[in-house]
Structures are given as C-alpha cells and as structure tokens.
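# Topology and contacts: notes
Here are the chains, one letter per residue:
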Amino acid sequence: MTVERSSLLNDLRPRTGDQIRNAFLAFFNARGHQVLPSASLIPQDPTVLLTIAGMLPFKPIFLGQTVSPSLRVASSQKCIRTNDIENVGRTARHQTFFEMLGNFSFGDYFKKEAIQWAWELSTDVFGLDQDRLVISVFREDDESEQIWRDVVGVDPKRIIRMDEADNFWAAGPTGPCGPCSEIYYDFKPEIGDSLINLEDDSRFLEFYNLVFMQYNRDASGTITPLANCNIDTGMGLERMAQILQQVPNNYETDLIFPLLQKAASLASIDYHQIDEKEKISLKVIGDHSRAITQLISDGVLASNLGRGYILRRLIRRVVRHGRLIGINRPFLMEMGDTAIQLMHSAYPDLLKRRDLILKELVIEEERFLSTLERGEKLLTDLIASKPLNISGEKAFELYDTYGFPLELTEEIAEENHLQVDIDGFKYEMELQRKRAKAASVTIDLTIQDVLDKIVTELPPTNFEGYANLDKTSSVQALIVNGTCQKRAVAGDQVEILLDATPFYGEGGGQVGDKGILLSSNSKQDNLMVQVDTVTRNKDIFVHSGKVLKGYINQGDLVHSRVDQMCRCRAQANHTSTHLLQAALKQVVDPDISQAGSLVDFDRLRFDFYCSKAVNNNQLEKVEALINLWISESHSLHINNLPIDKAKELGAIAMFGEKYGDVVRVVDVPGVSMELCGGTHVANTAEIGIFKIVGESGIAAGIRRIEAISGLSVLKYLNERDEVVRQLCTSFKAKPFEIVDRVSSLQEEMKMASKELSIANEELARAKARNLVNDAIRIGKSIILVKRLDGFSGAALQAAAQDLLNELGTNAAVVLGGVPEPSDQTKVSIVAAFGADLVANGLAAGKFVGYIAKICGGGGGGKPNLAQAGGRDSKNLNKALDLAMDELKRSCS
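Please read these numbers as outputs of a predicted model, since none were measured by experiment.

### Observations concerning the layout of surface pockets
Of the voids in this model, the second largest pocket is the one considered here, and its volume is about 1,600 Å³. Along its surface, the second largest pocket is lined by 49 residues, and Arg81, Met100, Glu206, Asn209 and Arg239 are the ones closest to its centre. Ranked by the residues each element gives to the lining of the second largest pocket, the list is headed by strand 8 (residues 204-217), at 7 residues. Of the residues in the lining of the second largest pocket, the class split is 24 nonpolar, 12 polar and 13 charged.

Here you go:
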C-alpha cells in the first residue's frame, strides 16, 4: 500500500467522538443489529439509583422477563458512576459520566462472531495496529483462546490468561455468569511481549470487554450451561477517543476538552501552562459539567436524598473547583450551555430541555453560594471561639450542609494552629453514606423472589376493570405465607394470580383496588377472600389479602368483586390530579411538570417541578379554578391512540415514564389531556368538590400539594368544625373572635415567660451571693467552682458575672447545673474570667468547651465569658472537678 493511500485511509477513519460512536453503531447495524437509543440515566431497575452500565437497560431481557425487539441490538448508553468520585481528574481515565458502546446477542450469535467482529471493528474500522493489541481470557476458557489464536490470528504471546477476579463475570452469588475476554491497547509496544503485565495502566488500556454469558450458578454453587447463551459487550467511547486522538488522557479528547477550555477561559488561565493541581480542578469541572447536564435533562433535581443528592454533590464540586482556580462568580449556566452544545448532536433532548437545565443550574448554584458563604462564616466564628480542635461532627456539618470540603477545613484550621478530628468526620461520613443509599456498581440479575419466578412462566393478566367491577376468573397461582402452594385455607395470607381481573393494580401513582373474591362454584359457596391491595409484577396483577373462610385451589374459578365505593373515590382523586396539574400550569407557571403523585382512596398528593413556593393567593385561585371545572360537568373522553398522534394532539406525558407505541389518552376537553392508564370519573361533576389541604417543598425545585375531594372534603370540614366548636367553648368566643383571643393569649404567655426568666435570674444571683465565701485563693488568683441546679444558662451567666465583679479581676468563676431537674439530658456550664487571667492567656470560651466534653457536649464564647451545654448530667460533678483541677494548675 502506498504512503498516499495509507494516509488517505487514516484520514477517512473515525477520530472524533461523534465519528467513533456512529461508526460503532453502523458497523453492528450492518450485521443485523437493531440500534437502540440510550436509555435514561434514571433506570427502571429499582435496585440501583442511576444507570451505571451499558447492559443495565437489557437486564430484564437477559433474565427472560421481557422480550427483546431483536435478537441482536447495539447501543451507545450514557452512564454515571460516582463510587470513585475522588479519583476524577487525578487519573487518566476516571470519570463520573461516560458513554458505553455495546453490542448484544440474546440467544443468537456467541463467542466466535463476537470475537471476530470485535477484532474487525478495532483493526479495520478504527485502524488500530494489531501489534499494539493484547487479549485477556479467563484461565479456563480454552475456546476463547483458540478463537483468538487460530481464527483471528493473534500471536499467542499476546493472549494472557487471567484469574476469576479479572475475567469471570457473575450477576451475583446465583444466576447468569460466564467468562470475559478483553482487548487492551499497548502504549509502549517497544518494551516487548516478554514483560506483559496488564495491571500496568501506564502501558495498557482496556477498551473493549466481551462477556460470554453461558452458565447459570445455583444456590449450592453448581454451574450448569445455559440453554441460550448471550453476549454482552462494552467499549468505552472516551477510551477509544483517547487512543485514536493520541492524547494522554480521556479529558483531552474532543468529548470533554472543550469544557476544560471553557472553564480555563472563565478563570483566565491556559490549560497547558498551569500546574497539576489546577489541571485537576479543570478536569473535575469538565467531567462533572457533562454529568449534571445529563442528569437534569433526564429529570433529576438536586436534593439531599438518593440521585438528587448525587446531583447536588456534583454541582457543588464544580462550584468549589471553580473557586479554586479563581472563578469567583456564578458560572454553571455557561458550563451547562457549553455541555449542551457539545453533546446535543448525540442527545437532541438536551436542546429541547435547555431552559430547564440552565434554570436548575442557576438555582442550585445560587443556593450553594449562599450556603457556602454561611459555612465560611460559621467556620470563622468557630475558630474565633478558640476551641481545642474542630470536632468531626462540626467538620462534617460544614462539609455536608454547607459544601465545605474537608481539606479546606483542615487548611484553615492549620492556619489557626488547630486540628480537625478526622476519625470523627469519617464516622459521620459513614452514617451519611448509609442514609444516602448511594448507587452500587454491582448489578444483581438474580431472581430471588418466589413471585418473580412465577410471573416469568405466566402470560400477562387481562385487565378488564375499566368497564367492569365484577369478573369470573381462573386462579393461575397461589402464594401462601411466602411459598408457592396448590391450596389456601381460612386464615392464610395469600397472593393470588388470576388470568383476568377487574381489580386495578397499583400503578401511575394510583393505589390498587380493594374488594373480595368469591367462589363461582355453587358447591363451594362459603369461600371469601378479602383483597387488601393489588400490585403488579411486570404485566401480572398480584391480589394480596387473606382467606376469611373456606378454601381456594389453584385452577379454581372465582368471582372477583371490586369495592365500588373505594374505586369511585380513587377515580375522583385521580381525575382531580389531572385538573390540579392543568390549574397549576394556568395559574402558576405553564412550564410546571409532574414529578410524582399518589392517588389514594381518601386523599391525593401531587409533586411537581417548581423553583419557588406556591403562595396562598395562587393556591386559592387554583382551588377555585378546579371547582369551577367540576361544576361545569365536563365529560371525559378516553381513547387509545398511537403515541405520536397523542403527542401531536398535545397530550402531556409523565417525564421519564416509558410508553408503548399505543397509549391511553385521558382528555377533559378544553382543560386537560394526559397519557394515563389509571381509572377516572366519566364526568367532572362526579368529583363533587375539591380542597387543597397543604403545600410544601420536598426537595430543591420540587413542591408538593396535598388535597382531598368528594366525601373526604365533608369529613375534613366536619373535623375542623368540631375543633372550632371546642375552641369557641373554651374561649367563650364566637368563631371569628378566636384568632384575636389566641393572639392575646400568646402575648400573655410571652410576658409571663419573660417575667419568669427575670425571676429565675434574680434567684440565681441571690443564691450566688452566698457562694462568695466558698472561693479559694491559688497564688494571686481566686477560684470559685460550684454547682447550681434549676437555673437556665442565661441565669448562670448573670450569677457568674456578679460573682466575678465581687471577687475581682484576678478571679475565675465556673458554675454548672441542670436547668430542669425533670430533664437530666441537659446540662449548662458557664465560665467567667477576670481581666488579669485573660491577659495571662486563659480563655473562657476554650476552657468551657473543653470541660463540657465530659458531659457529652461543647460550646464556647468570649475570652472573659462563655457558656457550654451537655447531654449527660451524670458526669456534671466530674466536669466541675476537672474545672477546679485545671484552674488550680493554670493559676499556680
């Protein structure tokens, strides 16, 4: 091949991130693979918080729970992992957001085709030098090694056998498993084949992983071959871009580097001229900017729980690293906009949701900058109190609540000659990790549940409850007290699976129906099963309840009867949620969208994305508008339509929800049109009346409205009316006079509390005057340490100040006590030091904080007067003894 032809081929080969992605998908599409779009970062799998692997969306297919649209598929899946977030920017390849290119076979082709195509793609399409590729195989996988050696033609010296820890994939202790084979790129082939160590990540980069899912492992550990073998592969897009673009790390590829350049321009620095520490900050900003943009686009909003906590943490790391390189103004909107422009060709939804993404970034950045400022002030105030050290609890509070990184707290503490309790911080961090329920990297494909196993063997339940509340059905399966049985008798807790049902299964926010099952056999007319709720497992409806009398067998015909009153109330509440969303869009903000809901029999709850609280005036307008629509008696139109047609008509879809090709459209003409599978009234007049009972914020950017409708409103008003009647009787007032009476009573209580506090302080001062003679002289100093129970901290401070005035400028007074004898979990300790002692280096704030630790507390204050609290009154005397010993030592 001529030099010119070789150069031309290299020019035509993929180099950019977009070209690599497109070439991969086109390669497998040409080989019979259906190309599927990336799934959301919010997975359907409830066992993980985020989509953490390219194969995760296909988990139900590998398990046989759903049918794949094709035996061969390929995808470019966006993923997020934060388990090793601290390595981001510090290594060449650690990222939180990445794209995984994958080709999958569900019982179709296997090792030979997967290996040959992987090699062909790597060498012919991407043009990688064969002499730079090294293969790993599982130590016992002779078949894979033979294919690589004899079919593909790889030099045996460059095929490395690896142990189970590296090259054997397993879903978990049981379930699908199999050997892996990986392709590595050699950055230093000149070293030769005799010293190959695939653990050397400075030389070798794994870029393609082939999983051969060929076995099943049972509970005893026995491995047996699967009837249908599967292929699961993954190629890291960013890693291939690093290789083809010949850059030293993933961050300098065209997939991320424009974000580093943007951040560098905002900080007025040059990436190629700065030190490694500043480069790390730029890499963190670049990586996290991609992650937060994609997370918000997929419906995640910042909060203190779950995936919302992950988003908030990523956002705050971006802001913090921006400050470290000199960006001292809000800049997330600019980073977000750059990320959108960089990724929108592959993910067009980013452009559609641009306004939402940038709005959320601005809100969260403003919130963080405000809390960061408060955190800096808190740390400054804490240091000003001259503590002996910074407790782990306080350091973690600064880190978790105010976004203050531990290393910054340590740095500032060191500047002030203080230490941070790192062990205490780690303890608090571990508690938080448990609360946060962080996403696990392991994907569990194991079917552990009896119910899961049964539903894989049954056809979908035929739901007939839209039109009928009674139905005769056949019992397909029985689960009795957690085990699969042929019969259930009176007293048994059961889960019953029917071939058809009128019972609505919990879904779309609506609770499952209640009702009863009766025998359809006249010879067995004493059967009664109480159905407490109905849920869904895939497309199977599970009727949970208790056999009240008689018995029921698998295969029996039963008569299902839904509780009509409960269904009617649920229908009214569900239609009310649709009216509520429509009213909020009209009154508050047309961009409001649903974040979640609960439709119960006696109440409803609607969560929605909104950056600020809905005020009382708006709530009144929303409520009035809904009741107007109810009174107008709108008839609902419900139709099944192709999803494209439904969207064309303006039907609102639940963001992040998956829909089929045909959807159910619930239309309240001129008011609301939504995609919904729930049950609804035929006419809005059936709702009767609607009442909002609460509005609150449940997370950053998410509000919640709680409401009731129909008969629940009457019950609610009756309960409130009874409360008003009781108050009228107690206050001897009319209803409209109660507010003024309560206000007057509150004012009286404030005055009484103030007078009581003054009296308490005067009593403490009076008792303190009798303690002057108990003071002792140590050298030139006078020391008084005493216990006074029954007085507030303020009263003890006043008493200590009086004693100090009496004893002189060379005196030290420490008073401690339990404010309320009935509550032994509260301790107050105060210290008052004279000017001469303060001048000699004694500080009341530091001293009292140290003493209070004996009682499980802490505190601080000024050098001459300070107060601390504690939780363990049993150690108060011990603390006061320590105070006396320390003062004697300091004053001698």
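On we go from here.
### Some details on the nonpolar core
With 104 residues, the main nonpolar core has Phe126, Leu128, Trp148, Phe207, Tyr208 and Met235 as its most contacted residues. Excluding anything up to four places from it in sequence, Trp148 contacts Ile115, Trp119, Ile135, Val137, Gly153, Val154, Ile159, Ser181, Ile183 and Leu210. In terms of nonpolar packing, the next biggest core, distinct from the first, is built from 29 residues, Leu584, Ile592, Val671 and Ile687 among them.

### Brief notes about the pairing of strand 4 (residues 133-138)
Within strand 4, 6 of the 6 residues are buried, which leaves it mostly tucked inside the rest of the structure. Here strand 4 shows two buried faces, one formed by Leu133, Ile135 and Val137 and the other by Val134, Ser136 and Phe138. Where strand 4 meets strand 7 (residues 175-186), 5 bridges bridge the pair, whose relative direction is antiparallel. Along strand 7, the bridge assignment pairs Ile135 with Ile183. Summarising the sheet, strand 4 and strand 5 (residues 159-162) pair through 4 bridges and their orientation is parallel. Considered in strand 5, the bridge of Phe138 is made with Met162. Between the parallel elements strand 4 and strand 5, the chain passes through helix 5 (residues 142-152) in a crossover that is right-handed.

### Focus: empty space enclosed by the protein
In the structure shown here, the tally under the stated rule is 2 cavities of 30 Å³ or more. For the largest cavity, the calculated volume is near 40 Å³. Lining the largest cavity are Leu458, Pro459, Pro460, Thr461, Gln476, Leu498, Asp499 and Ile540. Looking at side-chain class alone, the lining of the largest cavity contains 5 nonpolar, 2 polar and 1 charged residues.

### Re the sheet that holds strand 29 (residues 781-787)
Strand order in the open sheet formed by 6 strands is 28-29-30-31-33-32, and the pairing between neighbours is mixed. The open sheet has two free edges, formed respectively by strand 28 (776-778) and strand 32 (858-861), since each of these has just one partner strand. On average, each strand axis in the sheet is inclined to that of its neighbour by 15°, with strand direction left out of account. Sheet analysis places strand 30 (residues 811-817) next to strand 31 (residues 827-833), joined by 6 bridges and oriented antiparallel. From the neighbouring strand, Ala812 faces strand 31, where its bridge partner is Phe833. Strands in contact with helix 26 (residues 876-891) are strand 28, strand 29, strand 30 and strand 31; relative to strand 29, the strand with the most contacts, it is inclined by about 175°.

### Here's the deal with unusual backbone geometry
Notably, Ser268 is not glycine yet its phi reads approximately 55°, a positive angle. Counting through the fold element by element, Ser268 comes out in the loop between helix 8 (257-266) and helix 9 (276-297). The phi angle at Ser633 is positive, at roughly 55°, despite the residue not being glycine. Summarising the element assignment, Ser633 is placed in the loop between helix 19 (616-631) and strand 23 (637-642). A residue is classified by how much of its surface remains accessible, and Ser633, at 38% relative accessible area, is partly exposed.

### Focus: the pattern of salt bridges
Counting across every chain of the model gives 41 salt bridges. Glu99 is paired through a salt bridge with Arg21; the nearest N and O atoms lie 2.9 Å apart. With Glu99 in strand 3 (residues 97-106) and Arg21 in helix 2 (residues 17-29), the pair connects residues that are 78 residues apart, well separated along the chain. Of the residues examined, Glu99 reaches a relative accessible area of 1% and is grouped as buried. With relative accessibility at 7%, the residue Arg21 sits in the buried group. Of the charged contacts, one joins Lys394 and Glu397 as a salt bridge, the two residues approaching to 3.3 Å between their closest N and O atoms. Placement of the pair is Lys394 and Glu397 together in helix 14 (residues 392-402), with a separation of 3 residues, close to one helical turn. A residue is classified by how much of its surface remains accessible, and Lys394, at 32% relative accessible area, is partly exposed. Judged by relative accessible area, Glu397 falls into the partly exposed class, the value being 30%.

### Some details on the sheet that holds strand 24 (residues 662-668)
Read from one edge of the open sheet, 3 strands run 23-24-25, paired in antiparallel fashion. A single partner strand is all that each edge strand has here, and the edge strands are strand 23 and strand 25 (672-675). Within this sheet the neighbouring strands show an average axis-to-axis angle of 25°, counted without direction. When strand 24 meets strand 25, the two strands line up antiparallel, connected through 4 bridges. Bridge pairing in strand 25 links Val666 to Glu674. Those strands touched by helix 18 (residues 564-587) are strand 24 and strand 25, and its axis lies near 120° from that of strand 25.

### Describing the side chain of Ser181
On the secondary structure map, Ser181 appears in strand 7. Given the relative accessible area of 0%, Ser181 is considered buried. Here the side chain of Ser181 touches Ser136 through a polar contact of 2.8 Å, landing on its backbone oxygen.

### Some thoughts on the confidence of the model for the protein
When pLDDT is averaged along the protein, the result is 88, and 94% of the positions lie at 70 or above. Here residues 1-9 is a poorly scored stretch, pLDDT under 50, and it has 2 contacts once near neighbours within four places are set aside; other chains count. Between residues 436-448, whose pLDDT stays under 50, and residues either more than four places distant or in other chains, the model counts 37 contacts.

### Re the packing of helix 25 (residues 844-852) against helix 26
Between helix 25 and helix 26, whose axes approach to 9 Å, the crossing angle comes to 140°. The pairing of helix 25 with helix 26 is recorded here as oblique in orientation. Read as a crossing pair, helix 25 and helix 26 show a hand that is right-handed. Packed against helix 25, whose contacting residues are Phe847, Tyr850 and Ile851, the element helix 26 presents Ala879, Leu882, Ala883, Glu886 and Leu887 at the interface. By residue class, the composition of the contact of helix 25 with helix 26 is 7 nonpolar, no polar and 1 charged.

### Re the environment of Lys538
With respect to the helices and strands, Lys538 occurs in the loop between strand 17 (528-537) and strand 18 (540-549). Lys538 sits in the partly exposed class, given a relative accessible area of 45%. Separated by 144 residues in the primary sequence, Lys538 and Lys394 have C-alpha atoms spaced 47 Å apart.

### A few points about the packing of aromatic side chains
Within the structure shown, the criterion is met by 19 aromatic pairs. Summarising the aromatic geometry, the rings of Phe110 and Phe212 are spaced 6.0 Å apart at their centres and angled 70° between planes, so their arrangement reads as edge-to-face. One end of the pair, Phe110, is in the loop between strand 3 and helix 4 (111-125); the other, Phe212, is in strand 8, with 102 residues separating them in the sequence. Taken as a pair, Phe110 and Phe212 share a single burial class, namely buried. With centroids separated by 6.0 Å and ring planes inclined at 75°, the aromatic side chains of Phe463 and Tyr504 adopt a geometry described as edge-to-face.

Thresholds applied
- Residues numbered from 1 in each chain as written.
- Predicted model: local features only at pLDDT ≥ 70, side-chain atom pairs only at ≥ 80, totals over all residues.
- Heavy atoms only, no water.
- 1 Å grid on protein atoms, 1.4 Å probe; cavity = no way out; pocket = protein on both sides within 12 Å on 5 of 7 lines; lining within 4 Å.
- Points joined across faces, edges and corners; volume = space filled by probe spheres on them.
- Helix = DSSP H or I, 4+ residues; strand = E, 2+ residues; numbered from the N terminus.
- Nonpolar A, V, L, I, M, F, W, Y, C, P; charged D, E, K, R; others polar.
- Core = buried A, V, L, I, M, F, W, Y, C linked by side-chain atoms within 4.5 Å.
- Buried < 20%, exposed > 50% of the residue type's maximum accessible area, 1.4 Å probe, protein only.
- Contact = heavy atoms within 4.5 Å.
- Pairing = 2+ DSSP bridges.
- Right-handed = clockwise from strand over helix to strand, strands pointing away.
- Axes fitted to C-alpha atoms, helices over the stretch in contact; angles between N-to-C directions.
- Salt bridge = Lys/Arg side-chain N within 4 Å of Asp/Glu carboxyl O.
- Polar contact = N/O pair within 3.5 Å; in protein donor to acceptor, adjacent residues only side chain to side chain.
- pLDDT = per-residue confidence, 0-100.
- Parallel < 35°, antiparallel > 145°, perpendicular 65-115°, else oblique.
- Left-handed = near helix turned anticlockwise from the far one by under 90°.
- Phe/Tyr/Trp six-rings, centres within 6.5 Å; stacked < 30°, edge-to-face > 60°.

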